[in-house]
Structure formats: structure tokens, C-alpha cells
4 protein chains.
Amino acid sequence: MGFNILRAARAIVRVSDLDAARNFYVDGLGFIETEANDEWIYLRGLEEHSHHSYVLKKAARPGVEVISYRVAHESDLEGLAAFFEERGLATKWLEAGSQHAVGRALRVQDVSGIPVEFFFQMETVERKLQRYDLYKGSRMQRIDHFNCMVPDVEKAHDFYIKELGFRCSEYTETEDERIWAAWLHRKPTVHDVAFMNGKGPRLHHVGFWLSDPMSVIHTCDVLASLGYASNIERGPGRHGLSNAFFLYLRDPDGNRVELYTGDYFTGDPDFQPIRWDLDDPRRATFWGHEPPDCWFYEATPFIELNNSEQEVAMSEAALEQRKPNFVT
Amino acid sequence: MGFNILRAARAIVRVSDLDAARNFYVDGLGFIETEANDEWIYLRGLEEHSHHSYVLKKAARPGVEVISYRVAHESDLEGLAAFFEERGLATKWLEAGSQHAVGRALRVQDVSGIPVEFFFQMETVERKLQRYDLYKGSRMQRIDHFNCMVPDVEKAHDFYIKELGFRCSEYTETEDERIWAAWLHRKPTVHDVAFMNGKGPRLHHVGFWLSDPMSVIHTCDVLASLGYASNIERGPGRHGLSNAFFLYLRDPDGNRVELYTGDYFTGDPDFQPIRWDLDDPRRATFWGHEPPDCWFYEATPFIELNNSEQEVAMSEAALEQRKPNFVT
Amino acid sequence: MGFNILRAARAIVRVSDLDAARNFYVDGLGFIETEANDEWIYLRGLEEHSHHSYVLKKAARPGVEVISYRVAHESDLEGLAAFFEERGLATKWLEAGSQHAVGRALRVQDVSGIPVEFFFQMETVERKLQRYDLYKGSRMQRIDHFNCMVPDVEKAHDFYIKELGFRCSEYTETEDERIWAAWLHRKPTVHDVAFMNGKGPRLHHVGFWLSDPMSVIHTCDVLASLGYASNIERGPGRHGLSNAFFLYLRDPDGNRVELYTGDYFTGDPDFQPIRWDLDDPRRATFWGHEPPDCWFYEATPFIELNNSEQEVAMSEAALEQRKPNFVT
Amino acid sequence: MGFNILRAARAIVRVSDLDAARNFYVDGLGFIETEANDEWIYLRGLEEHSHHSYVLKKAARPGVEVISYRVAHESDLEGLAAFFEERGLATKWLEAGSQHAVGRALRVQDVSGIPVEFFFQMETVERKLQRYDLYKGSRMQRIDHFNCMVPDVEKAHDFYIKELGFRCSEYTETEDERIWAAWLHRKPTVHDVAFMNGKGPRLHHVGFWLSDPMSVIHTCDVLASLGYASNIERGPGRHGLSNAFFLYLRDPDGNRVELYTGDYFTGDPDFQPIRWDLDDPRRATFWGHEPPDCWFYEATPFIELNNSEQEVAMSEAALEQRKPNFVT
């Protein structure tokens, strides 16, 4: 394999009102605003020395422009370009300077049509990890993972595992042994990206790491105080799958973020993917709580690589898109 | 007033299977089992030096025999007897020795028909507060309060406030200024007893104090590990009303208990009861989460003071019994 | 007894620099500043609906003007005045209006010479308990207790118990059964006031309640970030005595405050005071940690009731003032 | 580089009394005992699917037999053997079957004389991560790192960085820019191994990961309840260096373990090692607390690779071995 993907690194997400988004993400979730202007807000977590891990872009309609992975070496970008071109998948170079604070980047559309970016270099800034006096809201730490709805999870799973070098930590199967969802990683945590069966491709959520469960609880209290109670979509709870303590939120434009803490080390060569039955009531929430319908059915469209006015075309799910049958 | 009620002190609750109940309360919730035999289990929290605060009694059908308050002096019992007799309410003396580990007790039926007990003396046992090596499950600390569904909350409210010397910390009103629920206290916390509008009288739950929110979270994890995920009925969450962090559970017989932590001091003479609108979405759960239907409609009948085979007769709620209208 | 003392309610403490003190107490500890001018800062906790519980007064030299208790009725003030006058102890009335936001107050000097105030009425303000968006630093909740060094603990203990109606929750004895320290309460917690053997009278600290141990941990992180690491004097740790999780801080003028959470209910009539041996290594810190010398020997003088220029005269401790012998 | 070291994987530590050690590690720290006999106890954390990460071996005198790293492929062992032989360092093969539950292993003595082992295969067992009903004491999760005292930190630092492929996350320098301590990692956390200036080589401690700070606090409470208060050597506290929340313990034989949680991701290519000045008071404990002398001066000897009766010879520290000068 002529490349080494390191980790989920950033997402570029459209919002309709930058001030409303800032209130939510900075005051509520405790992101640090690295920079902003009339069109963009660049956000990072307290632990991050990279310029940003989440970019809000002002736009009339919702959409995700790209999800980005960091690579280990500049030369990995060429390796990835060759790989994607060889498979006939769309690629596009963004030269250094064309994106603020980011070096040369390769954008592609993956086997599910998801616009994915790879980059090696990003401007560095001061880490605020030990500026506890600045901690507020969720005390946002760092980006952790992406979760995408795709019509054919098995195809995505195989592509990322066999072609891109990801490993599977956990997966959900239907009773007839079809992969309903899969959690895949490059860094030795539960995931950098997960794929779930559903109409897509769509971005289900971006997951951010918090330092401990009490930060999740405090998030709920702060959001409710700020008038964002209705933005709390699901949780707090414990995932069976991943064992993480979680909270799902919808930003003012409906983009979903997950606050996530407490998964485990997956870097051993003999780690075997953990199988969950789709209908195991402890899979989604270990405590048996049912996710709401909106969590299953709503997600954000992606934007075409070469046409910023165009959403990526979607297909219906290959497997029957249903809530697990423990959800009545 | 010729008596001084101190606090909510114990409840006697029927269960169909003592071993099943023990597994739930001792292994799951971390109660200490002070004593047990074929008919009874006497439970207490880690901080309690009293013999018990929760009694499980084997019986074929569910029911609450009595909820008990401790009084400040032995002589308060006579004062209370005189008071209840004067109002024509049923009273019954249980002499010392007739109940295990408890001194002389006065039982009555209050203005809602609830069987209530007052006692002064209870056998003392070793406090386990600093036996952290014994902590498990919820790390149960102590009894905190009772919550009862009654058909006429205003009547119960007035009786406890004007006649028994309780004070109101918080209350819920309908849009036409009828009291829908009230939280009443003798000890300077949010409540020793709450009354909620509903078919009754029935016991909605007994509330127990935990030391911190992480003990509530850990309870969910432990219960799920033990196969009790479906016994988690509501929460964890933050109450708007009371500000407590809570979790509602159903024991194997359906009796409801609340784990509760983090309310506030109510002992100041100028503390004004806090009014909540029934339809305020932050009232029940500050974060906006909806309680499930069963939480609104299910509760445990009380048993008649003078006929242990007979449930206390119930009436329909005076106010329309409905879920708040933010619950769709 | 012709009076009913409710609880520890406020202290008036001198500081040399109001801005420096504000930085420490508001930014670091998360107090709410109710009001301030060039001479005073009035602080309260997030849960308090009273105008203040801690008053900083600008002055050239350190000193505590008074520690104040709230009483249950206005008429208790007369009862207390009569009581103190009868015993020949100094008294002084401050009429309503003479102190900002406080009604008529009775000041006295107690049997140890400590300037103590009693008041019934204080202006009320908005509770911020559910303004989680304003929480910062320690997330200060409310005042809890005073701790005073006095030369004769037994005398103070007997006076407060037998004359003022306090109850003892826990106490420390020397091997020859002399009371070395005592924790006394009116509200049903471990204490409203504690007395420790030492040169005095001096104020050892004012204790404030936090909602949970993680707020204590976060306090240390925030104080260190703000440059106040050297203001952390002792802890965090678990007290054997009281079972509370604690942290002792020195403000920029050296005044000591304790952050305190997790004691227990003491309101039962059969609660027996818990005896600790002075040399039990788990007494001070349950985990065996030794307090530093300064914690044992440093405290703030009180100011004379009738002469604001004059410190209350001190005596040496009746018992040998020594650190417990487990402290090497 | 012809090998790929994955992570710190296990240590074999001598104890004089297996039952005493079991009480401490299993009842106190919550390790799972995978297997034991009269000579050995094999321990693992709740999250570990490997047979063990910490081995207690009965022996008359203290000593560390080996610290072990896991490699990515079986063939890495040959690469490492060739590398160490080439440098003239002692090597020794332990064939599969010669150590319980471990495959073929290569043992060497590194440039500081430390007995180090590399292995690829270890028997797998059931993960207990979601058996919350079994959680007790510290709720031990997994092994995290080793910390060794060596006489020449710079030599060790250079060897591990330049020869073995470790990266430096943080380091401490004296005022004359000599490396006093260094934290080195293979997995993307702060460290798999740290080296500190001191008489050595000796093992300072093995670090184990806990899930959150409250597990550290609870450890102190449980250990004190079990009579192990004097085994708490330092902390709990926040490290400046690594930002982890920590606690140092001594087992009944004096072996030191660190409980550790909350460091950060170090896997980015542009992560720059963080420099700390030896005399920065926030370096060791962010809150300014001083470690005790024993923490600076006491450590466990290593055992010679080829002579289990012989301790590895020690040298005095190259840099003056002193406590930082903020420690008075």
C-alpha cells in the first residue's frame, strides 16, 4: 500500500448563520475559535495544536463539503491519487494556499460517492489543553471520527479495509449475516469512520472526544441554560458498541455532532472485530434506551467534488432501512 | 402544633420474590442488607445508622403497606394521634416490639387515604459510610423522599402545609392556576414528600440519595450488565424541578425507585416556593427529554391500614390527568 | 431556649486589594458578584437566593470582622440579646439599614471572644442555580460552615451545645480524653461551626459547599492555569472526619477557604457524635495524607466588636498545640 | 528499521507474598486475576483481551524480571534480535511454551542495562469491559507505560528515538539544556516508556490506565478502607507533564504503580515535543504539589537477563540527582 492514512482530521460543514452557529459551538460546546470572517469559522478543540478540526462555511443550504483525513507523509498524497485514479474514482488537487491554513490536499470521491480529502500539512497553533481557565461548555477536546450513512455498507467496509488499510473494531450484522454497520479505524481507537446502512451517502455525524462523562452531563445542563434543550437529540448514554459515553446534538442547521468519550485501545494485531446482532437491545445504548426516529432517518447530504451547487446523488439503502426490532 | 415531623424515614413495599428483589436492590443498587428471613428483607444505605429505610415484604400481589416519617420526640406520637383523631382520620397504634427493630409507631390514613406511619425510635446499626471497600452498584446512600399520586393535589398540599407543618419548595401549576404537583419538605431539602395529580392514592416512587452523578451513570452500566436494562424507566437526567440529577427504575415487581442527587438547601425562612408551568419543557427534565407514558400512568397501590388484604380505594384525578403538552 | 439559630450565613473578611481578591474568588472560585464598590465586594454562590454569603472589605490589614448566623424569626434576636447580656458578654445592635442588604443585626462576642452576628432578614436576589452557562471555576454553590481556632475547645463546645442549642456530629479527643476539636451543627449537616485547639480566637477557614468532587478537581486545574497554584494549601482529599471531599485554599491575603462536598445527614435524634482519636491517621485525611504545618498554625485574627482597629486578644492553646503524632 | 514495536505490554515483578499482593491488586485496584498458582499471579485490566499485562512472581527479594513490548509481526522479533546483536547487546530467546500464555519472545538488555522483552503472540481471553457488575476498586482498565530511572537519560533517549523508532512527546531539561527526563511513545499517547535521571537502571513504576478521574479518587477511598492508606505515595493530582490525572501507589513489597488517565493524542507528524524546565513548579504536579522524597529516590532493581539471582548493576546518575528546586 503506497500510503499511510493517520486519522480523521477535519470536516467542512455548511451553516446558514455563522453567529447562530458560533453561539452553539463556542458557547455551548466549548470549541476554540481559531479564526473567522464573514464566510468561515475555523474551530478546534482544547487539546488540538492543529489550526482547526471543524470548519463552518456560510451557505444557503446545508451540506458537507468534505471530510478530511491526515496522512503520515506528503508523499502519501501521490500514492492516494494514483490509487483513486486507477480505480476510476474522481480526484482533484487543491494546491497549498488554496485552502486557508492547509497544505496541498487531494480530494476524491470514495466508493460510496463521499467527498473525502487527504492532507499532510496544517498550520499549527497554540494548544490550550492546560488553559483550564478557558474551559467552558463541553470542554471540547479533539475530533475523533466520522459516521456516514451509505446504501451499501458492505461495499464501503470492503473498500476501506482491503484497499485503504483500515481495520474493523466492531460491526453490526443482520440475522442473515449482512453487515448493517461497521466501525473502522486507522488510529488505534474504535473508529476514524463508521458506515451505517441507510439512504446515502450522507454524513450522519462528526464525533468529538471529551475528557470524561461529567463533561457530557455538563453539556446538557449548559445547552438547556442557553435555550438549546431541543438540540439534544439522543443521550446521554453508554454505547454498547464502542463502550463510549455519548451525546448526540443537532446544531442550529440540523448538522449532527456526537460528543464521545471512553472507548478503548484497538491497536493489537490479534484484536478481533466485535460482532453485534442488529436486534441486540444493548448494542445502540447499553442501557436499552431507544434512539429517536430522527436519529435513524435524518442526515446531511454531501456536496459534489466538482460542483459546489450540487448534492451528491443518493441511493436507497441496500438492506431494508429499519430501526432495530427492539425499538417498538 | 403539638408535634415535630423530622423526615421521610422508611417504606414497606411488597414484592413477590425476595431473591429476585435482593439481586436487584443489593447487587444492583448497592443497598446493605441489615437482616432478612423468609418474609422480609430490611435494607439501608451506606450512610444510614438506622436499622433500615426500605423494607421488602414477600406477598402475592404488589402494594405499599406504609410510608413512614420519623418524629423528633416520642411524645410527638401522641400529638399526632390526637390531631388525626380530631379530624376523624383512621389511626392505629403498633406497640414497640410489634414491628422488628422499630419502637412504638402510630399509623394513620392521611387526607388522601395514604397509609402513613410515624415513629420515634429505631434500632441503630453500624454506619458503613467509610467502608468504601463495600461500595457497589449505585452506592446507595440514604432514603430521601416519597412521591405519591393523589386525585386532589391541592387538598394534600394544604393538609401537609397547614396542618402537618410541611413547607413547599417547588410546585407545578396548570395554566388556570391549579396545583398539578407539589414538593413538600420537613428536613431542609427539596422534599420529604411530593404529590402529583393522578388516579390515586398510589405510591409513585421512593427516592434515594446518591452521592454524585457518576454513581447514577454507573448504576445504568451495572444494571445493564446484570440484565436489568429494561428496569431503567427514565433518565439519567437533570430535573428542572429540584435541580436533582435523577434515574427512575422499576424493581422486578414494578415498584418504582428514584436515584436522586444534587438538590439544594431549603431551610431559609424567606425561601419562596418556585413555580413551574406544567407545560414548561424544562420542568420535568431540564434537558427537554420526555418521560415515557408508563412514568405518568403507572404507580403502586397502597394497602388499607386495617385490612392487609385490601387496597386503598382510588379515585380518578381531579385535574385532567394528562402528560404535559410538550410531550407529543 | 428563647431563640432558634438556623445556619452559618455569612462572613465579613478583610482584604488588601479588591481587584486581586475578585480575580481569585470570582474567576477562580466561581462566586457570583452581587454588588461591589470601592470598599466592598458582596459574593454569593450559584444556589443562593440571599444577597451574599461572603463579604470582602478593603482594609490595610487582614482580619475577620464577624461571622454571622441566620435565625428563624426576627424575635430570636431579642432572645439572643437577652441571653448574651445575661452572661455578661458584649452585645451591639446594628439597626436595619446600617449594613447593606441586611436587616437588623445583633453582634456579640462569644465565650471565646469571637465576634458573632445574628440576623433574620437579608435582601433576596435571583438564584443562578440553573444558569449553567454561567458556571465557572469551582462552580461555587453556597456557604456551609465556619472553623475557628480557640484556646479552650471544651469551653466553646459546651457553650454552643448547652447554651446555644448546637449539636455535635463528630469530635477529636486526645488520649487523655480532652476535646481537641469539635464539629457542631444547627442545620442537619456535619457542621455550621467547628472549633479546633489552637492559639486564638482566630478564624481558621470558611467552608463553602460544592456540588461534587469533580468541581474540586477542576478548581485545582483552573487555579493553576490562573497562576494560583501556590494558593492551594492542602488537598484535594477525603476527610475521615465528616467524610467530605475537600480542598483548602488561601486567598491573596492569606484568608483560608475550604471547598467542601459530600458530608451526610445529621438530623436524627439518635445520631451519636462520632469520636476520633487525635492520632488516627485517617482522621484528617482519610487517605493518610499529612496537612502542611501552615494549615495547623496559621489563621486569621478576629476584629473587636467595638473597635474596628483592634484585633481580638488571643491566648495560647489550653492543650499542647501540636500536630497529631502521625504527622512526622 | 526492520521491526515495528507496538506498545508497552506487560511487566514481570517479584513479590514476597502472593496473597498479600493479590489483596492489594485485585481487591484494591480491581485487576482481574486471569490465572494463578503458588508461584505466579497473572493480572489484566477490564478492557484487555490479552491473557495478562502484569505478572506477580513469588520471590524472596524484590526485583523486576523484565518489561515487555508487543511487536506488530512475528518477524519483527528477528529484526530486533539482529539489531541488538549487531550493537553487542545481550539477547536471549524464550521459545513458545517456555513462558505461560506467551509465544516466542526475545529478551535483551538495552543500552541502559534494562531487561526488555519483545513478543508478538499472547493467549487471548474474555474482555470484561462491559461486565460493569465486576468493576471494583480502581476499575483497572489496561497497562499504559513504564517509567525507568537511568543514570544517563540522554543516552536512553537517543537510543529509543534514533534506533528503536520511538517518538518524544515531552521532556524535562535542566537550565543548562541537559535532558533530565523524557517521555517516549510508540502508540499515539504520551508514552510507552519514560526515562528519568537517577541511580539505575531501576524500574520507577508501571503505569496503568483508568477510565476517569473519579476512579482515581475512589481508589484512595477503597485503599484507605482496606488499610492501605500508607501505600498511597503521591497524589491524586494533575501532571503538568502529560496532563494526566494520576496517583502513585506502592504495593506491599514497595513496587510502585501509577494510576493514570487523561493524556492526549500524539500521533500527528507535526507534533513537537513539549519542553519543561526542571524547576517549573507546575511540571510534576500542575497544582504545585511537591512529590515526597521517596518518590524521587526509591525504585526497584532489575534482574539480570542471564542470572535470575543477580540484580542489574547500577550507576549513579549522570546529572546531579536532586529534587527540583521548587521542592524545598
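Each value, and the rule that gives it
- Residues numbered from 1 in each chain as written.
- Chains lettered and ligands numbered in written order.
- Predicted model: local features only at pLDDT ≥ 70, side-chain atom pairs only at ≥ 80, totals over all residues.
- Heavy atoms only, no water.
- UniProt positions renumbered as here; feature names shortened; annotations may be inferred.
- Helix = DSSP H or I, 4+ residues; strand = E, 2+ residues; numbered from the N terminus.
- Rg over C-alpha atoms; globule rule 2.2 N^0.38 Å.
- Buried < 20%, exposed > 50% of the residue type's maximum accessible area, 1.4 Å probe, protein only.
- Contact = heavy atoms within 4.5 Å.
- Areas by Shrake-Rupley, 256 points an atom, 1.4 Å probe, with all protein chains shown as cover.
- Lys, Arg positive; Asp, Glu negative; His and termini not counted.
- Charge placed at Lys NZ, Arg CZ, Asp CG, Glu CD.
- Phe/Tyr/Trp six-rings, centres within 6.5 Å; stacked < 30°, edge-to-face > 60°.
- Lys NZ or Arg CZ within 6 Å of the ring centre and 35° of its normal.
- Domains from an automatic or database assignment.
- Buried area = accessible area lost by both parts, 1.4 Å probe.
- Salt bridge = Lys/Arg side-chain N within 4 Å of Asp/Glu carboxyl O.
- Nonpolar A, V, L, I, M, F, W, Y, C, P; charged D, E, K, R; others polar.
- Disulfide = S-S within 2.5 Å.
- Least-squares fit on C-alpha atoms with pLDDT ≥ 70 in both.
- Polar contact = N/O pair within 3.5 Å; in protein donor to acceptor, adjacent residues only side chain to side chain.

The name given to chain A in an unreviewed UniProt entry is 3,4-dihydroxyphenylacetate 2,3-dioxygenase, with Melghirimyces thermohalophilus as the source organism. Of the comments in the UniProt record for chain A, the one headed Cofactor (unreviewed entry) reads "Fe(2+)". The UniProt entry for chain A carries the following comment under Sequence similarities (unreviewed entry): "Belongs to the extradiol ring-cleavage dioxygenase family."

> Could you clarify how one ought to interpret the overall build of chain A in this entry?
Across its full length, chain A carries 6 helices and 20 strands. Compactness check: chain A gives a C-alpha radius of gyration of 19 Å against a globular reference of 20 Å for 328 residues, within 12% of the reference. In terms of overall dimensions, chain A has a C-alpha envelope of 50 × 50 × 40 Å along the principal axes. Out of the 328 residues belonging to chain A, those deemed buried represent 68%. Relative to all contacts within chain A whose residues are 6 or more apart in sequence, the contacts with residues 24 or more apart total 70%. Here chain A has roughly 10600 Å² of accessible surface; of this, 45% comes from carbon and sulfur atoms. Between the centroid of the 36 positive side chains of chain A and the centroid of its 52 negative side chains there is a distance of 2 Å.

> Would you take a moment to explain the packing of aromatic side chains for this structure?
The description of an aromatic ring pair rests on the distance of the ring centres and on the angle between the ring planes. Overall, the coordinates contain 112 aromatic pairs over all chains when judged by the stated rule. Measuring from ring centre to ring centre gives 5.7 Å for Phe159(B) and Tyr160(B), while their planes differ by 75°; the resulting arrangement is edge-to-face. Ring plane angle 85° and centroid distance 5.4 Å describe the contact between Trp295(B) and Phe296(B), whose orientation is recorded as edge-to-face. With relative accessibility at 4%, the residue Phe296(B) sits in the buried group. Through successive ring pairs, a cluster of aromatic residues spans Phe3(A), Tyr69(A), Phe83(A), Phe84(A), Phe118(A), Phe146(A), Phe159(A), Tyr160(A), Phe166(A) and Phe195(A). One Lys or Arg, Arg234(C), reaches over the ring of Trp295(C) and ends 4.5 Å from the middle of that ring.

> Looking at this structure, I do not really get the domain arrangement of chain A. What am I missing?
Often, the extent of an interface is quoted as the loss of accessible area on bringing the components together. All names here are of chain A. When its domains are assigned, chain A resolves into domain 1 (5-119) and domain 2 (140-301). One C-alpha centre belongs to domain 1, the other to domain 2, and the line joining them spans 19 Å. Listed per partner, the contact involves 44 residues of domain 1 and 40 residues of domain 2. Of the roughly 3400 Å² buried between domain 1 and domain 2, counting both surfaces, carbon and sulfur atoms make up 68%.

> Explain the interface of chain B and chain A to me, please; I cannot follow it from the model alone.
Taken together, the contact pairs 18 residues of chain B with 18 residues of chain A. Taking both sides of the interface into account, the surface hidden between chain B and chain A amounts to around 1500 Å²; carbon and sulfur atoms contribute 65%. Applying the counting criterion to the chain B and chain A interface returns 2 salt bridges. Here Arg238(B) ties to Asp221(A) by a salt bridge, and the two come within 2.7 Å at their closest N and O atoms. Counting residues per element, the ones that place at least two in the side of chain B that touches chain A are α4 (213-225) and β14 (232-238) of chain B. The element best represented in the side of chain B that touches chain A is α4(B), accounting for 7 residues. Residue classes in the side of chain B that touches chain A are distributed as 11 nonpolar, 4 polar and 3 charged.

> Would you mind showing me how to read the state of the cysteines here?
A covalent bond between the sulfur atoms of two cysteines is referred to as a disulfide. Applying the stated rule across the entire model yields 0 disulfides over all chains. Residue Cys168(A) stays outside any disulfide, its sulfur separated by 15 Å from that of Cys148(A), the closest cysteine. Note on Cys168(A): relative accessible area 10%, which makes it buried. Cysteine Cys220(C) shares no disulfide, and the gap to the nearest cysteine sulfur, in Cys220(D), comes to 13 Å. By relative accessible area, Cys220(C) is classed as buried at 0%.

> Looking at this structure, I do not really get the pattern of salt bridges. What am I missing?
Side-chain pairs of opposite charge can arise whenever the charged atoms involved come near each other. Under the defined criterion, the tally for this structure stands at 108 salt bridges over all chains. Note that Arg250(B) and Glu298(B) form a salt bridge whose closest N and O atoms lie 3.0 Å from each other. Taken together, the positions of Arg250(B) in strand β15 (residues 245-250) and Glu298(B) in the loop between α6 (293-297) and β18 (300-301) put the pair 48 residues apart, joining distant regions of the chain. Between Lys162(C) and Asp158(C) there is a salt bridge whose closest N-O contact spans 3.8 Å. Linking Lys162(C) with Asp158(C), this pair stays in helix α3 (residues 153-163), spanning 4 residues, or about one helical turn. Residue classification places Lys162(C) among the exposed positions, given a relative accessible area of 59%. Connected via shared salt-bridge partners are Arg7(A), Arg70(A), Asp268(D) and Asp270(D).

> Just to check I follow, could you spell out the relation of the copies chain A and chain D for this structure?
The two chain copies are connected by a rotation around an axis plus a translation along it. Of the transformation superimposing chain A on chain D, the axial component is 0.0 Å and the angular component is 180°, with the fit at an RMSD of 0.0 Å. Within this description, the copies of the chain are treated as partners about a two-fold rotation axis. Considering only C-alpha atoms, the residue of chain A closest to the rotation axis is Asp212(A), which sits at 3.1 Å. Interface overlap between copies is the fraction of interface residues in one copy that are interface residues in the other; for chain A against chain D it reaches 97%, indicating a shared surface.

> Just checking my understanding: could you explain the side chain of Thr266(B) for this structure?
Residue and element names in this part refer to chain B. Following the sequence through the fold, Thr266 ends up in the loop between β16 (256-261) and β17 (274-277). Here His185 takes part through its side chain, which lies 3.4 Å from a polar atom of the side chain of Thr266. Non-local contacts of Thr266, meaning those with residues more than four positions away in its chain, are made with Arg167, Ser169, His185, Lys187, Pro188, Thr189, Val190 and Phe271.

> Help me understand the UniProt feature "domain: VOC" (unreviewed entry) in chain A, please; the structure alone is not making it clear to me.
UniProt's feature table lists "domain: VOC" (unreviewed entry) at residues 7-121 and 142-262 of chain A, given in the numbering used throughout. Structurally, residues 142-262 of chain A comprises 20% helix and 45% strand, and the distance from its first C-alpha atom to its last is 13 Å.

> When you look at helix α1 (residues 18-28) of chain A in this model, what are you seeing that I'm missing?
Because an α-helix packs 3.6 residues into every turn, residues spaced three or four apart end up facing the same way. Among the residues making up α1(A), those that are buried are Leu18(A), Ala21(A), Phe24(A), Tyr25(A), Val26(A) and Gly28(A). Its side-chain oxygen 3.0 Å from the backbone nitrogen of Asp19(A), Asp17(A) forms the N-cap of α1(A).

> Looking at this structure, I do not really get the interface of chain A and chain D. What am I missing?
Residue-level contacts link 33 residues of chain A with 32 residues of chain D. Buried surface at the junction of chain A and chain D, both sides included, amounts to about 2600 Å², of which 55% is carbon and sulfur. With a closest N to O distance of 3.2 Å, Asp268(D) and Arg70(A) form a salt bridge. Run the count over chain A and chain D and you get 18 residue pairs in polar contact (both at pLDDT 80 or more). When residues of the side of chain A that touches chain D are traced back to their parent elements, those giving at least two are β1 (5-15), β5 (64-71) and β17 (274-277) of chain A. Taken together, the residues of the side of chain A that touches chain D sort by class into 15 nonpolar, 8 polar and 10 charged.

> Help me out: how do you make sense of the relation of the copies chain B and chain A in this one?
Take chain B, turn it by 180°, move it 0.0 Å along the axis, and it overlays chain A with an RMSD of 0.0 Å. Comparing interface residues between copies, 100% of those in chain B also lie at the interface in chain A; the contact surface is shared.

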